[in-house]
Amino acid sequence: MDIIGLGEAMVEFNQTKSGKEYAPGFGGDTSNCIVAAARQGANAGYISAVGSDSFGDLLVGMWKNEGVDTATVQRNANAATGIYFVTHGADGHQFTYYRKGSAASLMTPADMPTDAIKSAKILHISAISQAISESACDAVFAAIKIAKDGGVMVSYDTNLRLSLWPLDRATAIVQRTAELSDIILPGLEDVQALTGLDDPNAICDLYLKLGIGTVALTMGEQGALIATPNKRKQLEPYLINCVDATGAGDAFDGAFLARIAAGDDVFDAALYANAAAALSTTGFGAIASIPKPGDVRALMAVAD
């Protein structure tokens, strides 16, 4: 296994232009990331739980179609798969979630698959996986310990959802998790709230001082800032026809980790991921628009 992700995936129902119908899709940051990694050719797997329901069937079918190993996805007959609705109005997207008590939120440390985690090069986790419940948060820390004991790199996305937990708890949990991570993949707005800092370089400095080896800070229209203890590089955004930025950060994460697993250094991996994230914004949905390597390389060649 190159990369194994951990978290909650959900089935999405996105309001169409007519306003009368909802198109099905998929969401969940770590799941999106793992699908993106698989599309770049990585051998990827996912640790999660879904209900023994039709929505769980849809997710498992999607992962299998994408080449994601589902051996560590549990089916829970006593809990539902999380779902959410996206509606569109004058104020933009609005999300309505039905995830309380979901199968994934009931995961515990005992559910963490030791052998699968230790067989991977990279374990990818996120703050959302920690925010959905206390037991899921404990499960993430258990997975980190297994990874660290097995010499597996830990990658962490600091995705902040204040609807799931208060800022004080999020700040404490995210900092502790960052201290245990080898790679951190924050979004600028999230870490501005978590750190109280505005300047991207100051944010990178803070996380590097925690002992993190690589900070890949995504900044939307400002591109990305990649920092290690010895070097940092600003990546300019691609001037591309953006129609939907949903999941662009997850596409960046998956492409970045896939290239790291393939042997690229972090700066080459980030150049590739920056192009993949840009292409992911040219279509609708977090997963449908994730590009494949040929398209990513073509965009990089044009930019050169």
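Residues numbered from 1 in each chain as written. Predicted model: local features only at pLDDT ≥ 70, side-chain atom pairs only at ≥ 80, totals over all residues. Heavy atoms only, no water.

Some points on the sheet that holds strand S9 (residues 153-157)
Two strands in a sheet stick together by hydrogen bonds in their backbones, pointing the same way (parallel) or opposite ways (antiparallel). For the record, the criterion: Two strands make a pair as long as DSSP finds a minimum of two bridges between them. A run of H or I in DSSP counts as a helix once it spans at least four residues, and a run of E counts as a strand once it spans at least two, with each numbered from the N terminus. Here, two residues are considered to be in contact whenever any of their heavy atoms come within 4.5 Å of each other. To define axes, lines are fitted to C-alpha atoms, for helices over the stretch in contact only, and angles between the resulting N-to-C directions are given on a 0 to 180 degree scale.
Spatially, S5-S4-S1-S8-S9-S10-S11-S12-S13 is the arrangement adopted by the 9 strands of the open sheet, whose pairing is mixed. Lying at the two open borders of the sheet, with one neighbouring strand each, are strand S5 (73-76) and strand S13 (232-235). Pairing of strand S12 (residues 224-227) with S13 involves 4 bridges; the strand directions are antiparallel. Counterpart to Ala-224 in the pairing with S13 is Leu-235. Those strands touched by helix H10 (residues 266-280) are strand S11 (214-218), S12 and S13, and its axis lies near 10° from that of S13.

Details of the pattern of salt bridges
Pairs can form between side chains of opposite charge once their charged atoms are near each other. Here is the rule: When a carboxyl oxygen of Asp or Glu is within 4 Å of a side-chain nitrogen of Lys or Arg, the pair counts as a salt bridge.
Counted by the stated rule, this structure contains 9 salt bridges. Across the salt bridge formed by Arg-176 and Glu-179, the nearest N and O atoms sit 3.0 Å from each other. With Arg-176 and Glu-179 both in helix H6 (residues 167-179) and 3 residues apart, this pair spans about one turn of that helix. As a salt-bridge pair, Asp-205 and Arg-232 come within 2.6 Å of each other at their nearest N and O atoms. One end of the pair, Asp-205, is in helix H8 (residues 200-209); the other, Arg-232, is in strand S13, and 27 residues separate them in sequence.

Remarks on the pairing of strand S8 (residues 122-126)
Let me state the cut-off plainly: The buried label applies to any residue whose accessible area, calculated with a 1.4 Å probe on protein chains only, is under 20% of its type's maximum; exposed applies above 50%, and partly exposed to all values in between.
The element S8 is largely enclosed, with a buried count of 5 among its 5 residues. Residues Ile-122, His-124 and Ser-126 of S8 are buried on one face, and the alternating residues Leu-123 and Ile-125, pointing to the opposite face, are buried as well. In this structure, strand S1 (residues 3-6) lies alongside S8, joined through 3 bridges in parallel fashion. Looking at S8, one finds that Gly-5 is bridged to His-124. Relative to S9, S8 is paired through 5 bridges, and the arrangement is parallel. From the neighbouring strand, Ile-125 faces S9, where its bridge partner is Tyr-156.

Overview of the environment of Phe-267
Mapped onto the elements, Phe-267 comes out in helix H10. By relative accessible area, Phe-267 is classed as buried at 12%. Spatially, the C-alpha atom of Phe-267 lies 8.7 Å from that of Ala-227, the residues being 40 residues apart in sequence. With near-sequence residues (within four places) excluded, Phe-267 lies in contact with Ile-226, Thr-228, Lys-231, Arg-232 and Lys-233.

Digging into the side chain of Asp-2
When you line up the elements, Asp-2 lands in the segment before S1. Under the relative-accessibility criterion, Asp-2 is labelled buried at 17%. When near neighbours in sequence (up to four residues on either side) are disregarded, Asp-2 contacts Ala-42, Asn-43, Ala-120, Lys-121, Ile-122 and Ala-261.

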